[in-house]
Amino acid sequence: LGMRGVFHNTALPAERAGTGDQRSSEYNYFLWRLEHGVAEGPVEIPSGEALPLEYNLAGLGAVCFRKGCYIGQELTARSHFRGVVRKRVMPATFQDTSTSPPPPCPTTAVVAGNSVLTYGDEKKKMGRLSAVTKDLTRGLALLRLQQALNPASELRVEDSEVAVRPLRPQWWPSQWGTEEQ
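(A) The nonpolar core, seen in detail. Judged by nonpolar contacts, the single largest core of 20 residues is most densely connected at Phe 94, Val 110, Leu 129, Leu 143 and Val 164. Counting eight residues, the second-largest nonpolar core is a separate cluster that includes Leu 34, Val 89, Ala 131 and Leu 140.

(B) Examining the packing of aromatic side chains more closely. For the coordinates displayed, the defined rule picks out four aromatic pairs. On the numbers, 6.4 Å between centres and 15 degrees between planes, the contact of Tyr 29 with Trp 32 is stacked. Here Tyr 29 pairs with Trp 32, and both are found in helix 2 (residues 26-36), just three residues apart, close to one helical turn. Judged by relative accessible area, Tyr 29 falls into the partly exposed class, the value being 25%. With centroids separated by 5.7 Å and ring planes inclined at 75 degrees, the aromatic side chains of Trp 171 and Trp 176 adopt a geometry described as edge-to-face. Residue Trp 176 is classed as buried on the basis of its relative accessible area of 9%. Taken together, Trp 171, Trp 172 and Trp 176 form an aromatic cluster joined through their ring pairs.

(C) Molecular detail of helix 2. Among the residues making up helix 2, those that are buried are Phe 30, Leu 31, Arg 33 and Leu 34. End-on view of helix 2: buried residues confined to an arc of 160 degrees, all on one side of the axis. Packed against the buried residues of helix 2 are helix 3 (41-44), strand 1 (87-96), strand 3 (124-132) and strand 4 (138-144). Phi for Gly 37, located one or two positions after helix 2, is positive at around 70 degrees.

(D) Inspection of the sheet that holds strand 5 (residues 154-157) at higher detail. A barrel is described by the order of its strands in space; here six strands give the closed sequence 1-4-3-2-5-6, paired in antiparallel fashion. Each neighbouring strand pair of the sheet contributes to a mean axis angle of 45 degrees, computed without reference to strand direction. Pairing analysis gives two bridges linking strand 5 to strand 6 (residues 162-166), with the strands arranged antiparallel. Within strand 6, the position partnered with Leu 155 by the bridge is Val 164. Sheet contacts for helix 2: strand 1, strand 3 and strand 4; angle to strand 4, the most-contacted strand, approximately 30 degrees.

(E) Here's a closer look at the pattern of salt bridges. Considering all chains together, one arrives at six salt bridges under this definition. As a salt-bridge pair, Glu 40 and Arg 33 come within 3.8 Å of each other at their nearest N and O atoms. Residue Arg 33 is classed as buried on the basis of its relative accessible area, which comes to 4%. Of the charged contacts in the structure, one is a salt bridge between Arg 33 and Glu 44, with a shortest N-O distance of 2.8 Å. A residue pair is termed long-range when its members are at least 10 positions apart, and Arg 33 in helix 2 and Glu 44 in helix 3 qualify at eleven residues. Accessibility classification places Arg 33 together with Glu 44 in one group, the buried group. One network of salt bridges, with partners in common, ties together Arg 33, Glu 40 and Glu 44.

Basis of the calculations
Residues numbered from 1 in each chain as written. Predicted model: local features only at pLDDT ≥ 70, side-chain atom pairs only at ≥ 80, totals over all residues. Heavy atoms only, no water. Core = buried A, V, L, I, M, F, W, Y, C linked by side-chain atoms within 4.5 Å. Buried < 20%, exposed > 50% of the residue type's maximum accessible area, 1.4 Å probe, protein only. Phe/Tyr/Trp six-rings, centres within 6.5 Å; stacked < 30°, edge-to-face > 60°. Helix = DSSP H or I, 4+ residues; strand = E, 2+ residues; numbered from the N terminus. Arc of directions from axis to C-beta. Contact = heavy atoms within 4.5 Å. Pairing = 2+ DSSP bridges. Axes fitted to C-alpha atoms, helices over the stretch in contact; angles between N-to-C directions. Salt bridge = Lys/Arg side-chain N within 4 Å of Asp/Glu carboxyl O.

Here it is in structure tokens:
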């Protein structure tokens, strides 16, 4: 997923990355993270309730299973070694389905923290939005994989007609999302 670093703002790009890569805006980096399903910071990864495997931290090399002592280590290790993670942060697109042709998205429903529900015979909570772009068409969502990766599932933002369409990141290992199949 590339490299990140903290550099003096007067450093040349080649000195920053060591590869001569060019500068980009913080918003472009945000968009890149969303496209790849990478959450960061306390807003997107809530302290006290986030599980490292659900936020793809093991896949990003942020969790070591050979050493360490941290709060939640037993649950994290057990989930990892059993190979069962039922929810993960994923990129998602949003589209208002209430009109024809649908507008990009209404501003009132697509807000980080709002619940994502599955619609059908009954509404069930499947996750929540973690981050949303300025134009409200893309974001990150923590979702139950069984429904998120099922093309027949109809996911929507709670109390709205905004469809949530999860996208499987290309960098994910092939076994992610197949735990319950």
